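One letter stands for each residue in the lines below.
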Amino acid sequence: MKKEEIKELSIKELKAQIEVAEKAYRELKVTHAISPIDNPAKITSDRREIARLKTVLRQKEIEAQNASVVE
């Protein structure tokens with residue numbers, strides 16, 4: 001997903017995406033440990049994708065918290 005697409009997701013959607021991405025990442029790591037995968041750079045890209053999702057989720061949580069404090 002691109003950064004713009006990630007920012008458009010809601011908090012609930014982000015949490016679901018993170019869960020799916022982390023599961024796929026764990027499976028990829030296990031697969032790679034058993035027998036090398038064709039593209040080991042996929043592990044790095046998946047890890048970075050999870051980090052992007054978590055960063056945007058945290059930003060949205062902070063914005064929601066600040067919005068509720070102001071009101």
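Residues numbered from 1 in each chain as written. Predicted model: local features only at pLDDT ≥ 70, side-chain atom pairs only at ≥ 80, totals over all residues. Heavy atoms only, no water.

## So, the side chain of Asp46
Stage number 1. By secondary structure assignment, the location of Asp46 is in helix H3 (residues 41–70).
Stage number 2. A relative accessible area of 15% places Asp46 in the buried class.
Stage number 3. Setting aside chain neighbours within four positions, we find Asp46 in contact with Tyr25 and Leu28. (Helix = DSSP H or I, 4+ residues; strand = E, 2+ residues; numbered from the N terminus. Buried < 20%, exposed > 50% of the residue type's maximum accessible area, 1.4 Å probe, protein only. Contact = heavy atoms within 4.5 Å.)

## Quick look at the environment of Leu57
Stage number 1. Its place among the elements puts Leu57 in helix H3.
Stage number 2. In the structure, Leu57 is positioned 15 residues away from Lys42 in sequence and 22 Å away in space, judged by C-alpha atoms.
Stage number 3. Ignoring any residue separated from it by four or fewer positions in sequence, one finds Leu57 in contact with Ile11, Leu14, Lys15 and Ile18.

## Focus: the environment of Lys2
Stage number 1. Looking at where Lys2 falls in the secondary structure, it is placed in the segment before helix H1 (3–8).
Stage number 2. Residues Lys2 and Arg52, 50 residues apart in the sequence, show an inter-C-alpha distance of 9.5 Å.

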